[in-house]
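# Close look at the chain arrangement
Listed here are the chains, written in short residue letters.
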Amino acid sequence: MIPVAFDYQRATSVDDAIAKLTASGGKAIAGGHSLVPLMKLRLSEPGTLVDISKIPGLSGVKEAGGKIEIGATTTHAEIAGSKLLRDKCPILAEAAAEIGDPQVRNRGTIGGSLAHADPASDLPAVAIALDADIQIKGRSGARTVKAAAFFRGFYDVDLAAGELIVAVHVTPVRSAAYAKLHQRASHYAIVGAAVALDVKGGVIQSARVGLTGATTHAIRLAGVEKALAGKKADGVAAAVASAAGEAGDLNADLHASADYRKAMIPVFVKRAVERALARG
Amino acid sequence: MIPVAITVNGKVRTAHVEPRTLLVHFLREHLNLTGTHVGCDTSQCGACTVIVDGRSAKSCTIFAVQADGSTVTTIEGLAADGKLHPVQEGFWEEHGLQCGYCTPGMIMSAVNLLQDNPSPDEKQIREGIAGNFCRCTGYQHIVNAIQHAAKHGGGKAAR
Ligand SMILES: Cc1cc2nc3c(=O)[nH]c(=O)nc-3n(C[C@H](O)[C@H](O)[C@H](O)COP(=O)(O)OP(=O)(O)OC[C@H]3O[C@@H](n4cnc5c(N)ncnc54)[C@H](O)[C@@H]3O)c2cc1C
Ligand code: FES
Ligand code: FES
């Protein structure tokens, strides 16, 4: 399968990428593991690709002022293998390690995953649970958007033409976990639940819950978060029972019906809460 | 057309390519390295797996221009001085193939796995080849082949 012809330019800095995107009206390419398949199917026909994958300093995981910063072109494999994340924010490493397969993880990036916002992708739910700050840069300057507000609809995010995600900032949480029911061949999420907890003496003080795979885009389950507050392990099942109802209209596709997703949502939210609790 | 210089199996190869040329077609059609296969052409099967800058990658999902300046190893580049790579030995000794269509990609994934983890357990081996489909073997002999390679220095071998 051969894509429509296009021009290719390699960006040497974020500003260079923004200038090239603005001048050409083209699309950024990072890992290419969402974009190239779409181009081969001619579902996407950009006139110009601006390659951001080799921009110095745009990838890597580092700690700064109590937060962890993940550069936009950091690959899933690098996130999965990051000792800093495994120690301080294991949910991110764990979710990245469950994306696709080794080859996909070697190429795909966190910035591409969030910008593309496939309804079945994993990292959007984790970003919501961690209340991540998505750092964006464009012609008119830099801005920061909270993950829960970034995902707006079916493949629709808060990014204007010519804008790039440059980094994701999270406040590390140890008691957080991701649980997904995956499609057996691609490993995309049929239902994926990400949960971050504040726990004291076995009692959940507060919770943040992100859900992916089930609806047009990853969403926050604020009702479930409220129901989890004040609960111990024995109260989790009751607290997550309303999760599917809160999610609203559910996806139906060849992998799973809406009813199946409805049944699986509370199961996987509960698993994520239990794993997060086990991390104390 | 855009000029590219890609180091393939230790040799710098230069060419002018259309940006839409996939790396797998560059390898097979420009360089005649037909050991890298196209199975699905939809990023699923792993038959096209090569090593790009030290990491396994599906060459049907990379444009050759993206690999400009990179180092690529294909199945043809594994044997050194007429001696099979330990992973190739493992597939030979343990009958890790039937039709052989998936084999080049399977071997490149195994090389990547053993480089990260020189002594994987069976579960880790199966996860390491999760991006490679085999329609013949049922995978057990492939797992045995990779175990054989791990025992015989597959993790320490070049690339
Ligand atoms: C076989 C297969 C299995 C997969 N399984 C999973 C899975 O289980 N779970 C999962 O979550 N994902 C899965 N994926 C998707 C994979 O994780 C992608 O790599 C990822 O979704 C996109 O990242 P990328 O860097 O490849 O983006 P690209 O394909 O390069 O880009 C995707 C889109 O994002 C834009 N973009 C890229 N980077 C930026 C940026 N920094 N700022 C603004 N826009 C940007 C591009 O312009 C493009 O529109 C799978 C992919 C394949 C091929
Ligand atoms: S041919 Fe590349 S993954 Fe199947
Ligand atoms: S040996 Fe035939 S596909 Fe694997």
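All of these numbers come straight from a predicted model, not from anything done at the bench.

A separate point is helix 1 (residues 14-24) of chain A. All names here are of chain A. For helix 1, the set of buried residues is V14, D16, A17, I18 and L21. At its buried positions, helix 1 is contacted by strand 1 (7-10), strand 2 (27-29), strand 3 (48-51), strand 6 (133-138) and strand 10 (164-170). Directly after helix 1, the chain includes G25, whose backbone phi takes a positive value near 70°.

Turning to the interface of chain A and chain B, a few remarks are in order. The interface of chain A with chain B comprises 29 residues on the first partner and 33 residues on the second. On the chain A side of the interface with chain B, the three residues burying the most area are A:Y8, A:Q103 and A:R107, jointly 25% of the side's total. On inspection of chain A and its partner chain B, the count reaches 2 salt bridges. Measuring nitrogen to oxygen at the nearest pair gives 2.7 Å for the salt bridge that ties B:D41 to A:K40. Our count for the contact surface shared by chain A and chain B stands at 15 residue pairs in polar contact (both at pLDDT 80 or more). Among the elements of the structure, strand 1, helix 2 (35-40), strand 3 and helix 6 (102-107) of chain A are those that each provide at least two residues to the side of chain A that touches chain B. Of all the elements, helix 6 of chain A adds the most residues to the side of chain A that touches chain B, at 5 residues.

With that settled, consider the domain arrangement of chain B. Residues and elements named next belong to chain B. According to the domain assignment, chain B contains domain 1 (2-76) and domain 2 (86-151). On a C-alpha basis, the centres of domain 1 and domain 2 stand 21 Å from each other. On the domain 2 side, the residues contacting the 18 residues of domain 1 number 15 residues. Carbon and sulfur atoms supply 53% of the area buried between domain 1 and domain 2, which totals about 1,300 Å² over both sides. Between the two partners, domain 1 and domain 2, sit 1 salt bridge. Among the salt bridges present, the one from R55 reaches D116, with a minimum N-O distance of 3.1 Å. For the pair domain 1 and domain 2, the number of links is 8 residue pairs in polar contact (both at pLDDT 80 or more). Put simply, the parts of the chain that give the side of domain 1 that touches domain 2 at least two residues each are strand 3 (49-52) and strand 4 (55-58). Split into classes, the residues belonging to the side of domain 1 that touches domain 2 amount to 6 nonpolar, 10 polar and 2 charged.

Taken together, A:M1, A:L41 and A:L43 make up a surface patch of nonpolar side chains, about 300 Å² in accessible area. Exposure remark for A:L41: the relative accessible area of 48% places this residue in the partly exposed category.

What follows covers the packing of aromatic side chains. All names here are of chain A. Here the structure, examined in full by the defined rule, presents 3 aromatic pairs over all chains. For the ring pair F154 and Y155, a centre distance of 4.9 Å and an interplane angle of 75° mean the geometry is edge-to-face. With relative accessibility at 54%, the residue F154 sits in the exposed group. Across from the ring centre of F268, 4.5 Å away, lies the NZ or CZ of R271, which sits over that ring.

Residues and elements named next belong to chain B. Looking at where H148 falls in the secondary structure, it is placed in helix 5 (residues 140-151). On the basis of relative accessibility, which here comes to 17%, the residue H148 falls in the buried class. Every residue in contact with H148, bar those within four places of it in the chain, is listed here: G90, E93 and E94.

Take the sheet that holds strand 2 of chain A next. All names here are of chain A. Spatially, 3 strands are ordered 1-3-2 in an open sheet, and the strand pairing comes out parallel. Whereas interior strands pair on both sides, the edge strands pair on one side only; in this sheet they are strand 1 and strand 2. Going from strand to strand, the sheet's axes swing by 30° on average, the running direction of each strand aside. Inspection of the sheet shows strand 1 paired to strand 3 by 4 bridges, in the parallel sense. Among the inter-strand pairings, R10 is bridged to a residue of strand 3, identified as D51. On the sheet, helix 1 packs against strand 1, strand 2 and strand 3 and is oriented at approximately 175° with respect to strand 3.

Looking now at the nonpolar core. All names here are of chain A. By size, the foremost hydrophobic cluster in this structure holds 53 residues, and its most contacted members are L92, L114 and F150. Ignoring sequence-local partners within four residues, the contact set of L114 consists of L123, P124, A127, I134, F150, F151, V157, I165 and V168. Listed in part, the 34 residues of the second largest apolar core include V195, I219, I265 and A276.

This brings us to the site of ligand 1. Lining the immediate surroundings of ligand 1 are 33 residues, of which A:A28, A:G32, A:H33, A:T109 and A:H187 lie closest. Site remark: ligand 1 is flanked by residues from chains A and B. Residue A:D122 places a side-chain N or O atom 2.8 Å away from a nitrogen atom belonging to ligand 1. Protein contacts shield 96% of the accessible area of ligand 1, which totals 970 Å² for the unbound molecule. For the shell around ligand 1, the secondary structure elements donating two or more residues are strand 2, helix 7 (110-116) and strand 10 of chain A. For the shell around ligand 1, the element with the most residues is helix 7 of chain A, which contributes 5 residues. Of the residues belonging to the shell around ligand 1, the class tally is 13 nonpolar, 16 polar and 4 charged.

Quick notes on the rules
- Residues numbered from 1 in each chain as written.
- Chains lettered and ligands numbered in written order.
- Predicted model: local features only at pLDDT ≥ 70, side-chain atom pairs only at ≥ 80, totals over all residues.
- Heavy atoms only, no water.
- Buried < 20%, exposed > 50% of the residue type's maximum accessible area, 1.4 Å probe, protein only.
- Helix = DSSP H or I, 4+ residues; strand = E, 2+ residues; numbered from the N terminus.
- Contact = heavy atoms within 4.5 Å.
- Buried area = accessible area lost by both parts, 1.4 Å probe.
- Salt bridge = Lys/Arg side-chain N within 4 Å of Asp/Glu carboxyl O.
- Polar contact = N/O pair within 3.5 Å; in protein donor to acceptor, adjacent residues only side chain to side chain.
- Domains from an automatic or database assignment.
- Nonpolar A, V, L, I, M, F, W, Y, C, P; charged D, E, K, R; others polar.
- Patch = residues over 30% accessible without salt bridge, like charges linked within 9 Å, V, L, I, M, F, W, Y side chains within 5 Å.
- Areas by Shrake-Rupley, 256 points an atom, 1.4 Å probe, with all protein chains shown as cover.
- Phe/Tyr/Trp six-rings, centres within 6.5 Å; stacked < 30°, edge-to-face > 60°.
- Lys NZ or Arg CZ within 6 Å of the ring centre and 35° of its normal.
- Pairing = 2+ DSSP bridges.
- Axes fitted to C-alpha atoms, helices over the stretch in contact; angles between N-to-C directions.
- Core = buried A, V, L, I, M, F, W, Y, C linked by side-chain atoms within 4.5 Å.
- Near = heavy atom within 4 Å.

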